[in-house]
Each structure stands twice: as C-alpha cells, then as structure tokens.
Number of protein chains: 2
Amino acid sequence: CLPMLQAETDASVAPLEVLPIGGVGEFGMNMMLVASGDDALLIDAGVMFPEPELLGVDLVIPDLSVLDEWRGRIRALVLTHGHEDHIGAVAHVLSRVDGPVYGSALTLAMVEGKLEQHGIKPGERLTEVKPRETIAVGAMRVEFIRVTHSIPDCLAVAIHTPAGVIIHTADFKIDQTPLDGEPTDLHRFAELGAAGVLALFADSTNVDRPGHSGSERDVIQGFEEIFSSTQGKVVVACFSTSVYRMQNLINLAEQFDRRVAIVGRGAVNTSEIAIRLGRLRMPSHLQIRDAEVRDFPSQDVLCICTGSQGEPNAALPRIAIDDHRHVKLGDGDVVVFSARSIPGNEKAIARVMNHAARRGATVIADGEKHVHVSGHGAAEELKLLISLVKPRYFTPIHGEYRQLDRHARMARNVSAGLEVILAENGDAIVFDEHGGRIHRKVAAGRVFIDGTHTGEVGDEVLRDRRHLAGDGLVVPVMAINGITGVLEDTPEVITRGFVVDKKTEGLLKEMPAVLLAMLEQTPIEERTDPGLMKERVRAEVQKFFRKRAGRRPLVLPVIMEV
Amino acid sequence: CLPMLQAETDASVAPLEVLPIGGVGEFGMNMMLVASGDDALLIDAGVMFPEPELLGVDLVIPDLSVLDEWRGRIRALVLTHGHEDHIGAVAHVLSRVDGPVYGSALTLAMVEGKLEQHGIKPGERLTEVKPRETIAVGAMRVEFIRVTHSIPDCLAVAIHTPAGVIIHTADFKIDQTPLDGEPTDLHRFAELGAAGVLALFADSTNVDRPGHSGSERDVIQGFEEIFSSTQGKVVVACFSTSVYRMQNLINLAEQFDRRVAIVGRGAVNTSEIAIRLGRLRMPSHLQIRDAEVRDFPSQDVLCICTGSQGEPNAALPRIAIDDHRHVKLGDGDVVVFSARSIPGNEKAIARVMNHAARRGATVIADGEKHVHVSGHGAAEELKLLISLVKPRYFTPIHGEYRQLDRHARMARNVSAGLEVILAENGDAIVFDEHGGRIHRKVAAGRVFIDGTHTGEVGDEVLRDRRHLAGDGLVVPVMAINGITGVLEDTPEVITRGFVVDKKTEGLLKEMPAVLLAMLEQTPIEERTDPGLMKERVRAEVQKFFRKRAGRRPLVLPVIMEV
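Keep in mind the model is a prediction, meaning the values are calculated, not measured. (Residues numbered from 1 in each chain as written. Chains lettered and ligands numbered in written order. Predicted model: local features only at pLDDT ≥ 70, side-chain atom pairs only at ≥ 80, totals over all residues. Heavy atoms only, no water.)

K.L.:
So, helix H10 (residues 346-358) of chain A: which residues are in play, and what are the values?
P.N.:
Residues and elements named next belong to chain A. Taking 1.5 Å of rise per residue, 13 residues should cover 18 Å, and H10 covers 18 Å from first to last C-alpha, within 8% of that figure. Turning to H10, its buried residues are Glu346, Ile349, Val352, Met353, Asn354, His355, Ala356 and Ala357. Of the residues flanking the end of H10, it is glycine 360, one or two places downstream, whose phi is positive at about 100°. (Helix = DSSP H or I, 4+ residues; strand = E, 2+ residues; numbered from the N terminus. Expected span 1.5 Å × (residues − 1). Buried < 20%, exposed > 50% of the residue type's maximum accessible area, 1.4 Å probe, protein only.)

K.L.:
I'd like to hear about the pairing of strand E10 (residues 154-161) of chain A, residue by residue, with values.
P.N.:
Residues and elements named next belong to chain A. Within E10, eight of the eight residues are buried, which leaves the element mostly enclosed by the surrounding structure. Side-chain alternation along E10 places Cys154, Ala156, Ala158 and His160 on one buried face and Leu155, Val157, Ile159 and Thr161 on a second face that is also buried. Here strand E9 (residues 140-147) runs beside E10; their pairing, made up of seven bridges, is antiparallel. Among the inter-strand pairings, phenylalanine 144 is bridged to a residue of E10, identified as valine 157. Counting the residues between successive antiparallel strands, the hairpin from E9 to E10 contains six residues, one of them, aspartate 153, with a positive phi of roughly 65°. Two elements, E10 and strand E11 (residues 164-168), share five bridges in a ladder whose sense is antiparallel. Residue alanine 158 lies in a different strand from E11, and its bridge partner there is isoleucine 167. The hairpin formed by E10 and E11 contains two residues between the paired strands. (Pairing = 2+ DSSP bridges.)

K.L.:
I'd like a rundown of the pattern of salt bridges, residues and numbers included.
P.N.:
Residues and elements named next belong to chain A. Counted under the stated rule, the structure contains 70 salt bridges over all chains. The closest approach of N and O atoms between arginine 281 and glutamate 254, which form a salt bridge, is 2.9 Å. With arginine 281 in the loop between helix H8 (265-276) and strand E15 (287-288) and glutamate 254 in helix H7 (residues 243-255), the pair connects residues that are 27 residues apart, well separated along the chain. On the accessibility criterion, glutamate 254 (33% relative accessible area) is partly exposed. The structure contains a network of salt bridges with shared partners spanning Arg146, Asp153, Glu182 and Arg279. (Salt bridge = Lys/Arg side-chain N within 4 Å of Asp/Glu carboxyl O.)

K.L.:
I'd like a description of the sheet that holds strand E20 (residues 393-397) of chain B, backed by residues and values.
P.N.:
Backbone hydrogen bonds are what pair the strands of a sheet, in a parallel or an antiparallel way. Residues and elements named next belong to chain B. Here we have seven strands laid out as an open sheet, ordered E9-E10-E11-E12-E13-E20-E22, and mixed in their pairing. Since the sheet does not close on itself, it has two edges, and those belong to strand E9 (134-137) and strand E22 (419-420), each with one partner. In the sheet, E20 pairs with E22 via two bridges, with the strands oriented parallel. Of the residues in E22, the one forming a bridge with phenylalanine 394 is valine 420. Where helix H5 (residues 186-195) meets the sheet, its contacts fall on strand E10 (140-147), strand E11 (154-161) and strand E12 (164-168), and the angle it forms with E10 comes to roughly 140°. Sheet contacts for helix H11 (residues 379-389): E12, strand E13 (199-203) and E20; angle to E13, the most-contacted strand, approximately 165°. (Contact = heavy atoms within 4.5 Å. Axes fitted to C-alpha atoms, helices over the stretch in contact; angles between N-to-C directions.)

In structure tokens, the structure reads:
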C-alpha cells in the first residue's frame, strides 16, 4: 500500500483543487486548473477542431467563464508543448491570467506567432523554461520534466504544493532513440515516485494500443524504400508541427540528392521557427521555395506539405485538384500520407487520394508502408510511467470516456494500492485531510469561434457568441449535381438569429446571384467536392456580409450533392 | 502476348457493350449492364449508404433513367450475393427488367424479404441458380462460379457472349478454409482462363492491403480469449449479414456454454433465413430471445447485435445508452466490435464505445484482438485471380478512383500483355472488331431515397425526387446544449422546395411546439447525442407531415451542439 501524504494527515495544510476544464472526456482543447490556497495556475490552453457538423466554426475552445471564480488569482499559464490542442487558445485565455506564460523555447515561439495574429504583444510575459528547471507560482513550485512526443521541446510538469506533489504528463511517449537525443527524463519521474507523489494525471490517447508506439526513427526504412524507388517527385503530407518527421525527410532528401520545398503556410511557419531555434537542421543548399519546384526535374524534388487531413485549403488538397500555383502532380510522382487520419476526416482524405491518383501519382498511406508513428505512448509506455511515479491517486486525462476508463483499469492492475479518480471536464477534484475525491461539479462548456485566423475576435465577442441562437447564423443551401457540377436550383439563403433590417434584407436577396456568380467561376472538379465548396461558399458569404454591412454572421453552408 | 479473341477478328459478330452504372469510382450501389446485340442483362442492383452530409436520406441508388436506352431488352437481373450494396435496389429496378432474377438460394431469400417490405410479390421471377450452372439470356450464356466472401452463397459470373467471355468477380476473397467447406472455384477460373477470356471485371476494395485477407476462421482465437476471460455477458456487434461470423460465435457459445440471443431486426432476419436454408447451424437449445436475456446469469449469455457502425436505432447503440427494452450492460460485460469502421462512421462508433464504457463494460475493437477479417481479397488474392483468368482486357470495379488505379497498375505487372480499360460509372465500354475501349459516356447519376424501409416509395416518386430542389425539403434547426441537453432557443423550421399552402403553413407553425414536446420526453443522455437526435427529429417530423397532411418531405435536421 502507498504511504499517506501530507494532505491526508494534516488539516492545517491548504487543500489542493484540480479542475479539468477541457480534454478530459474528449480529445482536444486541453486545459486544467490547479489551485492551492490563494494561488492558481493553468496548464495548457488548447483548442479542438470542430466536428463536420459545425461547419462555419473554425475552432472550439473551453468556455472560459468557468475561470471567473479564480479571477485575480491565476498567477501563471504553463504550456507543455506547441500543439494546437495545447496552445491554440492562449490568445483567448491570456487576459484572464495575471502572471507569466511559461514554456520551452519552441512552444513559446509558436505561441508568439499566434498572439501576433491576434494583435497581442505579450512582451515579457512569455518566459522560457528548461527541463529540470523549477519556477515558483505563489506557494507552489512548478518543475519541468522532459518528455518525448511528436514535436521537440515537450515538457511534463510536477507541481510541488503544500498538499503534495502532482504530476501532469502532458502528451508523451517514451522514445528511447529520439532524433534529437533528448529522451523522456525517466530518472526524474523515478526520483519523484520514490519521494512520494500525491496524484498523477496521465495522457490516455493511445491506451487502446498494446505494446510500444515506437520511435520516430522507425519511419526511416519505409521512406527509404519510397525515395529509392520513386522516379518523380516525392510529395509527403504530414502535420504542420511534425518537426521530427520533417527532419527525417530532410535527411533522406540529402541522402537521395533531392531539393526540399516546404509547401503550405502552417508547415512553412513551423519549419522557420524550428530552424531558427536549432530544432530542425536544414542544409541551406537543399531548401527551395514552392515557386522553384518547377525549375527542378521531378526526380530531384521532395515536397513536404500541409493537408494530411484533407483540409480543403491546405497544400496537398489543392495540389491534388491541380489548383496550386506552383506544385503540379504527374505520372511517376508519389504522394505519401505520413499522418494518422483523425476520426471524421476519412472521407475528405479519401477524396484527396482519389484526386492525386487521377493526376497520375501513386498514393501511399500509412499501413502500406510504415510512414507514421504516433507521438503518444501505447499501453506498455503508460504502464511504465505509472510504475515509476507510483502515485497515491490516479486520474487519466486526454481521452474520451472509454480511453479514460481503460487507463483507469490499467493503472489499478499496475499498482494495487493506487486509487483512481475518474473525472471528466468540470469535475473538481480536491485533496485535503479526507483524501482525494471529486467534491463538486463546475459548469464546463464549449465556445465556438469562427474566423480566429483573422485575429479579430475578442473575448467579449466570444462570450456574445456563446449561444449560437443569438449569434447570427446564415445558412446558404445549394444543390449541386455531383457529376456535372451544375447547380440544380437557385441557391437559397436561410438565416437564424440574424437581425434582418432593411439593409441586410436587401443583401440576403442579392446572395443567390452572388453565389451563382462564384459557382460559375469555379472549375467543375472543385464544384463536385462538397468539402471544398463549403469552404468557398463560407468565405464568399462571410466576405459579402463583412464588406457590405460590416456584419459577421456565423456561416453554415449546406451543400447537397444531387 | 495474349491471343486475339472473336470480337477483334470478326466484324460480323455483334459488338458487346458493358456499362458500369454504379460502384465503379465509388464504394456501393453496384450495378453493371451487359448488352450484346438485342439482349441485355444487369449484374446486381445495389444501394449506397448516404454520407453524413445527406441526413434525412436513407439510401442512395443509381439513377435508373440510364436504363431507358435498353427498355424492353433487359432480359435478366443477375445477383451475385445478398449484401445491400448488391441487392438493396432490386425493388426499384425490378419494373425495368423483363425477365427473371437469378441468384443463389440465400441471395434470393434475402431479396424476397426486401420485396415484401415494398409490397412486391415477385412470384416465379426469382430463379435459384447453383455454382457451375449456366442459364441463357438471349444469345448470351451466364455461368455461375462459387467465390468466398463474408456471406455464404456468393457467386461470380462468366458471361459467354458472341464477342467472347467476360468475367465479373463480384465481391470475393480466396478463403482456403471456409467455414462451410465451399471454397472459391479456382479450377473453373483456371479453365476459363486457359480457354481465353475477353475481359475481367474485378473487385478492387482491398487492393491497398498487401498479402492475404485471411480466413474467417482466423477470428476464432481472438474470440476464444474473450469468451474464456469474460465474467459477464459477451456482446458482439457485427454486420447483420455476417452469417459466418455468427456461426463462429454460435460455435463458441456452445463450447463455452452460453445461450445466444440475436438482437436487432437485421440480424434476426438474416439469421432466420440462414437457419431455414441450412447456411447457419443454431442448436435449438442454445437460442434465446432478447426478452429472455435477463432470465439468465450474465456469464451464460452471448448477444449478437446490430449497430457495429454506431447507427442510432440499431441494437448495440441503444443498449449502450441503456435504452434497450431487454438488454442492459453492466460491470463485467464485454462489448466487441467485430466489424471494420466504414469511413465516416468513426465518430458515431466512438460515441457508442464511450457509452458502453460508462455502463461499466469493457470495450474491445478490432486490432486489440483479432475479431474481424475482411470479406474482400487483398493484393495477393487479386493477383492470383488475374493470373488464373489472364484476360485480354482488364477493368477494375468496386472502388474509388485510387483503388481502381492501383488495381490497374497491379494487373499490368501480373500480365504484361493485358490491356487496362480504366472506366468509371457511365463510361460505356465496347468490344468490337477494333478491340475493347470506352466508346461513349452515358449520364450516370444518383438518386436519394428516404423512408424505403416503409416500402412506400415507388418508382415515380423516386423520379420526382431526383431534383432535390423540387422535392420538398424541411430543415428543422435545433440548438441543444451539449452538456445539459437543454434547448438553447425555440426550434426553427426551414423549408426548401416545399409547397407551403394554408394547411402546411399551419403545420409549420406547430412544428416548434411538437419538437419541444418530443425533446422534453427524451432523456438527457440521448439529447446530447446529435446523431441520435437527428434520427429522432427526422422520424418525428416525417410522421407529423405524413399523418397531418399526407406529405412526405425530405427531412434534413440540423442539430447544433452548443
């Protein structure tokens, strides 16, 4: 049995409260509040990408009104790594935090770019930390611990509180042969475990997978086979933050004498930051711009692209429908999907694959060759971490209910004395002299955001938008023939909760003609792609209302393929 | 090089035309027309399940107006096997065929049930055929060849025409150890290949998978592990037509001394037919009704359920939200997903898994244990068939463009002399004295159907519905709080192409109240499930218009989780 810890033996110690706000009972928008006495801090501020249901919505973030209770006491925002589901909501959260934003160099550089887009200058609030460094947040001390993941510079946190030590793993796997030679700091987890840990909050993403997720190095062989057998361009789509994957590809390009073009805004941004910080080694003679791709013979080019999830406006999906200004596909080219398919994106991805095949390219997905490894630890890695940390209490995070439940069962098998606290968003966990438990429910919710990439949606607007009903919704409905791309009837525009005055009434009447004109300028191949058309219609309608009336309704296009 | 065949040497022979109508360039709604001189026949008449886009649409079938050209000359409908994507549209196609419907005993029994639902009595038109049997269709002879797949009684066809022999593989794999001891008739394919085959039309579904798909027997071990370690009920969701899977499960239930309840209409129907025809062996002492499940201790029960794709009204999804009259889940129970996830269904499936875990059940998906094998041949099986048949021309079918393209490349590697004709729906292929080629494009299209399960949508209605614009569309819009299940605003009802007269105008005004009343009677857990709510709202609105006005608009609910 595990030893009792401070909180359970000493009533004079300030109780510790831990509140999962996002990412517990779901994938995405990770955020957790830790409060001890008068001091609170937030771990991560992430977004979730909306279900296809919510077209017109760009992002989903936690409802931040839940933080009102701690107003003026949130003394730090601690960021574990630079993925959107951990840092995407920083711009929205920043005004509610009264202290620094801590993170590794790469994480902060990525945050900085996002804040700039929102017109926010964080100044000295962004404070870089390094592994094994400890910072003070009121009476708490936050210690950073190196973990491996699919992006460099990823940190777990151990928070030393009066009630005991809690550990939040962030996203992690145990890559024993990381490309940058910076492995998960197993020794520190072991030391903390030996000294006594009150509670462990651990990533459950891959709890369903047996064994080990494998090292990023594992993809090298699959790509070597592809590089050595391809006569034309090698075009690889991966997540725009997959710095390690990019490094592997750049190394292979060097070995096989190909120039490297990074195509797509997200991937270009990430690579620029990573190169600047020394996290990505790109020999300068190797790199070319996308505009230069056509200047080289196909067999001398590697393109690293965005769009692995079939996002209509990303690089590969545009290339696949021959709609990219610089990069074209042809016979002999090979297109590699070097990423998992996020559930819900399968159809969009298949569409891009079909279009790429139509262009004459050979398409390779993960599974046919080993071209992707996950950044999240599988079952044996999760067990190892629990063994090392041997916490008194265990709360699985980062997963839907089923993953949390499975992780909880696993933890009980690993450590018999451990107590599971199976919480979801809004379940406030307290650790006090009576032990650890969920002691109250807090109203956790979600907020939809559209157009954040323009950086013009402020906090008040967000709150106003909380209830979609009152938010101004415009639904353009178009029935498009799936074969010919011909419009089957005049487009219709439906509004909901959208104030129709004389001006907007006139604009609504104009909409069908505007949509018709837009459709006429769209090539057939794009017209028969509902995902793409939705994006087009949405952009067009948003622009129309913004320019003509200064209005920003949420636009939810319904495109019916007839 | 392959020998010249009749069509290419003899101009006096009637040209052969083959027209893929559905299932070539897409998955589902398989249908192909074969015409020689004055005689034509159809191979299969399948449906496709609609994309989530098309809520309110139950089924998609090929636009049958394409058959007008051959009116009065379609002398037979040949069915390869009893899956929905091959027989689901028979009721709609039947009136356009002037001759018999040929198929194996199991296939025809399944068709008969569907026709009954549509109020059609086929009488003697349903004509049973057996493997190696040949029937005449005008100047053509159609020969049936046994193939293995995930359902018993599956037949490929070889059509002997004046221009030469063409082979259509249907869906197939090469299971060397089929449960029923009826393997793919490799000998007959070899004989036909030796004698000379003009063209092969072959299933491309699993062309992306290397190696062999494996035998249905391969799942036994995974299930043995589950049966031997489960304390509670074993609840397995599989496709409702997976007769072999059911047989494996029944055998294991016998071995492990569990009673078997088949739960869900589709699975009950299939099992009844298969038992009656001797395709499924169910010891009578083993079977119980779903209403009897609660009469037995959990450890003595196996439930075989519908709902492997997360369909809201199927058995397992209802059981998982505790909404099934007879079957409840609890601690110790194990829920097994013994099917692949059809792309687009991943989120719905994850939802069911989460709900099942909330009930205390352990959830096992394919991959964690080997609990599913595909019914479609993988790369080596496809190559073997091409080798045996060694056709002059090769056209890949049953796949999206990417699968067809890959299958074509594979075929060229297997047989250097073979010519690929890469066609999609509507590309009419001719074989005449100038060889084989696509010689014209025919307007292929799709038709949406709602409510076919009521059997009341006739051919004329279908035609009327072809253009959604004119078809009467009702869009109920509800914004439901994703946490509390509370309605965020009065529901709104939008119509499109729906004739609003005095009566329907009144009904439209009543709709919000009707929806509100329905919502109030719905438990919170269901209200926060948009997929389920869509089904509920759709059913409610359809019923409302049907009962009150005799109208059958297409209902497309928009449920927004706020």
